[in-house]
Each structure stands twice: as structure tokens, then as C-alpha cells.
Amino acid sequence: MAKQPPTKRRKKSLLKAEQYDLIAEAWTHYKSYIGASDDDEEIEEEEELEEEEEERDIDEIFEVVSLLSQLDIQTKKQKSDASDVFNTDSFESIQTILPIMFSMTYLHIANHSMSEELEQPPEYYFEQSLMYWPENPAANSLLADYHKQMNLGSDMTTICDLYVKAATYAGTVKDAATKFCDASSEKEEDRFNLKEMVDILVMGGALDMSEEDDDDEQEDEEEEDEGDEQEFHSCSNVEVTSSFMAAMLLSCLDRHDDALVQLQKFRFSHRIHPNVWKMALGSQDSDDKKKSAIDSTVMFEPRMYHSKEGVLPQEHYNRLCKLFAPDANYWDQSDYNNRGYYSYYFDITKKTRNVVEDAIVNHLLPMAERTLEEGHKSPAPKIVGAEWWVHTRPHSANLGHPLHFDTDEWLLNSKHEVSHPIVSSVLYLTGGGAGAGSTIVFDQTPDATENATQVWLSEPTNNHFMNFPGNLLHGVLPCVGGSSSDSDIDKNRLTLMVGFWTRDVTKGMKNRKLYGPCGPLPPATKEHSWVMEAQKKVKQASGNEVEATALKVASPAWETIDYPDDMEEESAPLDVPASLDHQYFVSNAPHCFTTRLFSKDNCD
């Protein structure tokens, strides 16, 4: 049965003392809900009870609604300029803070309603939150997340504009709240500590400002000049995430001047050139005339193999689509959403064991060999093994894939040596179409001392196969559209990646881990039932006659980001959110890609 909030109590005339009693009681429930307490022992006990901490008592937050509903709290109309709304006066009295408290209360309920059934849908609680405080940064940002993840039919422009609002409001609200909290150590009105309320509701809530470590704070104090009493405040996680998401979506929408405003907050030095984004949207033709000559860096031209019937016979294609469908056993049994990079390696000279290996050896390998033969003047290197892995992303939540290099992960991590497959490839299975997230390949290798000059773009098309040199930087741009099919399967961008190797990369591996890089195939057991499904025989069919065509080319690949002379003095740069950093926007290019390759959190 769905949880229901208590019925709102009828407003009645209350004396000031009675009003303050209600507010004090509501504030106690709110602090209890978020885990704030003045008792250090209580805090320690709560931290020990992790399960209880994860499942916050929603009844506490509903009680806040019940109590505050008895007060005449004014709703607000959104103003076009946040600077007209927020200044230190916004927090000078309990009357000005109450709408913020009510907004944050409804936002917490909205967050609950996204994962559990309540009386009203999430949209209702978001509406209530923004009705009391339209400029609530966290509410605007979370509402954008909700529309993006739930695929509610909202176009990307609507979602993007919510992130832009959240980023703008976060900056203005942060300035006002910081000045207010810095004004005095204890700002009180009668029985309320207004500074505490602003700190919890705004700094810790609406802005999600993480606290600074004592060591960092001491280091900053040492760097300050004597007599400089300005306090340091960490940046807002809401501002960071919203600004970065806004920059990414604005780039997808071809609004590059607007994206630049957001990118400058992070002090990036380069971004993928706007022409690349334009070409991915189909709004710009290929720069074929600007192609550079093939040299030792680019072993062969990336190419797409295709035919009217598809590169795989229909039965092979259907089996792979079913084996890796969004609701297939594979994803849960391999713990795809929670596990790092993992792949499977097999010797192509041995008998194939399943439909994946069969498709690779009998249909994809001949195309990879053809690529090498046509790209080499001398005899082409001999392929001896194949490494494969799969990725699936719903279009509605597909933010692309980070720029990276395909490497022998074990060799990289154990000996810090870089080795690449001779051919890297992508088989597009489902979710293809315009705006489905183009694969991008740069003419740049790990040892490059200059930025890439061009980018090849591969538009996903179902049952098409793309090859490119395994030593080149590559990734995937975010989805901005995708298949128009009504099929749930085709609403996911599903790809099978294959790295073709000229040596057995498993030789020398001391601990070849299951569900690790170049790992073994799991045993065909109930725990790995997807392996049993893959082993079902497929009717052998001759391959379809395929053609190879060159990919679209964009040049230049990168654009330098310029800054006003006084920007460094205005504000400190925002930290790049690691979970969203796909390196579409970078600093210290091209060396940043090699640095990331050798870092602990290298891109897989």
C-alpha cells in the first residue's frame, strides 16, 4: 500500500508564540529526518546503524508538512533574474526562511517518490517544492535528473534549461548564503538560530556544499595574507553537477556559446570542436577535403561495413539481440551496473563455444582481416585472438562513453606498458539511428605531443560493423535522439565491442579473473545461465555480402577555450565531477589523456 502524507490541517489564526512552537517542532522533525543532532553521542550511534541511516523515516518529513501547513507560508513567483531574488535579506527572518524549509521538505518527499510509491507522483512534489521556492537549485537539478532518467517525453531543451537554471541559482544562492553565514557566528531571531537553519537548509541541502577537511582549511589559512579575514567555502555539488550537465547538453543542442559560459567555470583549456557536435547532429557535412594523409599514427582509415541485410545473418543477429536484451539475465548475473571494466578473451584458432564467438570468428573476423589487408602495403599482421565485451544504455539516460584507449589492461596495471589491439571494432546491435550517440575516433595516440587534428564519426546503425586502429583515442557522444521504434529493445543503444589481437594477451597473466579484463568465460551453471543460453546452437549461414565505406570526418578536432583577463580573480574554478567527466572538455591536452591512462582510475 502506498504511503500517504498526513492530511493537511486547516489553517487557523495562531498567536506568535503558537506559531513559533509549530515551527520549532517542525524544525526538530526536519533535523531528525536528515540526521542532524546537537548530541554527538546520538550522531555516533546513528552512524553505526547504517541500514537505518539508509532508510530515513519518511514519517518525520511528512510531519513537517503537516505542521507547516497550519501556517500561512507565502508561495513565490519565479523571477527571471536570480540576483533580484537572493541577497542576505533573504535569510534575515524566520518568515523568509520558512518557504525555503517547506520547499526542501517537499524536495525530500519528491526524492522518496522516485523510488517508492507514495500517494502522489514525483511531479506533484516537485511542483510543490518549486512553488514555495522557484529558485531552489537542488529542486531544479533533481527535476532535470528525473525527466532524463524516466524518459517522460521531455525534450532535451527542457531538461537542459532546468540544469542551466540550477547552475545559475546555485551561484547566486551560494553567494548570498555565504555572506549571511559569514556576517556573524550566531544569527538568532527569538528562539531560532537562523545561521543554523541556513547552513542546514541551504548550504547543506539546496546547494549540497561538502564540508572542508581541517587539514585543507589550515592549508588555505596559511596561504591567506595577514589581515585577510575572508573565509573559504567549498563549492556547491549542485552547482558543479548542474553546470557540467548544462555544458554537455548545450553542446548536444548546438548552443555552443551558452555551453562556453558553463565550461569557463571549470577553467578547461579545450573542448571537442563545435563542428564535431554539429556533424553528429547532421547539421554539417563531412570535411573530406581536410583529411590528413595516412601515416604511421593512423594504420588504416576507420570504416563501416554494411549490407542491405546486415553484416550478420538474421538468426545470429537475433540471437545476440536476445542474449543481451535490456531484461536479459546477462546484466544482473555479470553485475554490469556495479562492476568496473570486464571482457572475455578467446583463441580464434580453437573451436567456438557459443553464439558470440561464432559470430566473431565466422562473420566479424573476416571483415577485420580485410581491413588490415587493404590498409597494409606489406603482409598484414596475423590475428590470433579476440577480446569482446558489451555495453547497453537506454537512450533517455545515455550520456555517452568517456574518451579512452583500448589497451591490455593487465599489462598496463602490472608493468605500466601500453599495448593495443591491432583492430578495435563496434558491432551496432540495437538502438541505432540519427542522434543515437556517434562513436568518435581521433587521430591521436597515447604518445602524441600535439592535439588530434581530425575526428571520424560513426553513426550507429543496427547490424553494421565499424573498424578502426586499436591505438587511437575514441569514445561516444551523448544520445540526443535515437531510434524511433516503439520496441523497448530498440530504445537501448546496445553494442558488441571486439578487440582483435596479434598475440595471446592472457599469456603471463597470473590471476585471470572472472569478470575482469580479458577474463575467462564463466562456467555454464545456474549462476551464469546466460552462458548456457549463449551455447545453444545457431543455424550456420553464409555471411551476407558486405561493403565498406569511409566514415565522416570533422576537422579541427579541438577548440581552445579563451578567458577574459579578469576571470581568474573573480572566482575559484569548479571541480570537475569525476562521474560525469567523459573528457569532451579537458585541460592540458593532449597530455591529459596519457595521464589518465596511467592513473588509478583510468578509463576502460
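In short, a report on the structure.

About the cut-offs
Residues numbered from 1 in each chain as written. Predicted model: local features only at pLDDT ≥ 70, side-chain atom pairs only at ≥ 80, totals over all residues. Heavy atoms only, no water. Helix = DSSP H or I, 4+ residues; strand = E, 2+ residues; numbered from the N terminus. Buried < 20%, exposed > 50% of the residue type's maximum accessible area, 1.4 Å probe, protein only. Areas by Shrake-Rupley, 256 points an atom, 1.4 Å probe, with all protein chains shown as cover. Salt bridge = Lys/Arg side-chain N within 4 Å of Asp/Glu carboxyl O. Polar contact = N/O pair within 3.5 Å; in protein donor to acceptor, adjacent residues only side chain to side chain. Phe/Tyr/Trp six-rings, centres within 6.5 Å; stacked < 30°, edge-to-face > 60°. Disulfide = S-S within 2.5 Å. Pairing = 2+ DSSP bridges. Axes fitted to C-alpha atoms, helices over the stretch in contact; angles between N-to-C directions. Left-handed = near helix turned anticlockwise from the far one by under 90°. Contact = heavy atoms within 4.5 Å. Nonpolar A, V, L, I, M, F, W, Y, C, P; charged D, E, K, R; others polar.

**Section: the overall build of the protein chain**
What the protein chain contains, in helices and strands, is 20 helices and 17 strands. Split into buried and exposed, the 604 residues of the protein chain put 52% on the buried side. A total of about 29200 Å² of accessible surface is found on the protein chain, and carbon and sulfur atoms cover 44% of it.

**Some thoughts on the pattern of salt bridges**
Per the stated rule, a full pass over the model turns up eleven salt bridges. Between Arg-255 and Asp-161 there is a salt bridge, with the nearest N and O atoms lying 3.4 Å from each other. Of this pair, Arg-255 sits in the loop between helix H11 (237–252) and helix H12 (256–263) while Asp-161 sits in helix H8 (residues 156–183), placing them 94 residues apart in sequence. Residue classification places Arg-255 among the partly exposed residues on the basis of a relative accessible area of 27%. Measuring nitrogen to oxygen at the nearest pair gives 2.9 Å for the salt bridge that ties Glu-239 to Lys-174.

**Some details on the side chain of Lys-31**
Structurally, Lys-31 can be placed in helix H1 (residues 16–34). Overall, the relative accessible area of 13% leaves Lys-31 in the buried class. Side chain to side chain, Lys-31 and Glu-196 meet in a polar contact 3.4 Å long.

**Let's talk about the packing of aromatic side chains**
Within the structure shown, the criterion is met by 30 aromatic pairs. Centroid distance Tyr-330 to Trp-530: 4.7 Å. Interplanar angle 90°. Geometry classified as edge-to-face. Of this pair, Tyr-330 sits in helix H15 (residues 329–333) while Trp-530 sits in helix H18 (residues 529–535), placing them 200 residues apart in sequence. Each of the two residues, Tyr-330 as well as Trp-530, counts as buried. Here a set of aromatic residues connected by ring pairs shows up, and it is made of Phe-324, Tyr-330, Trp-331, Tyr-336, Tyr-342, Tyr-344, Trp-388, Tyr-515 and Trp-530.

**A look at the state of the cysteines**
Among covalent bonds in proteins, the disulfide is the one between the sulfur atoms of two cysteines. Scanning the model with the defined rule gives zero disulfides in all. The thiol of Cys-252 is not disulfide-bonded; the next cysteine sulfur, from Cys-160, is found 8.7 Å away. Relative accessible area serves as the criterion here: at 4%, Cys-252 is assigned to the buried category.

**A word on the sheet that holds strand E10 (residues 455–458)**
Strand order across the open sheet formed by five strands is E7-E12-E9-E10-E15, with antiparallel pairing between neighbours. Of all the strands in the sheet, the pair left with one neighbour each is strand E7 (401–404) and strand E15 (552–554). Pairwise comparison of adjacent strand axes, ignoring direction, gives a mean angle of 20° for this sheet.

**Let's talk about the sheet that holds strand E3 (residues 270–272)**
Strand pairing in a sheet takes place through backbone hydrogen bonds and is either antiparallel or parallel in direction. Strands sit in the order E16-E3-E17 across an open sheet of three strands; the sheet is antiparallel. Each edge of the sheet is formed by a strand with only one pairing partner; in this case those strands are strand E16 (558–560) and strand E17 (585–586).

**Overview of the packing of helix H5 (residues 94–113) against helix H9 (residues 194–206)**
Between H5 and H9, whose axes approach to 11 Å, the crossing angle comes to 35°. In the crossing of H5 with H9, the sense of the turn from one axis to the other is left-handed. Contacts from Ile-94, Ile-97, Ile-100, Met-101 and Met-104 in H5 reach Leu-194, Met-197, Val-198, Leu-201, Val-202, Gly-205 and Ala-206 in H9. Classifying every residue of the contact of H5 with H9 by side-chain character gives eleven nonpolar, one polar and no charged.

**Here we look at the environment of Val-390**
Among the structural elements, Val-390 can be located in strand E6 (residues 385–394). Accessibility expressed as a relative area gives 3% for Val-390, which makes it buried. Non-local contacts of Val-390, meaning those with residues more than four positions away in its chain, are made with Phe-324, Tyr-330, Trp-331, Tyr-336, Thr-495, Leu-496 and Met-497.

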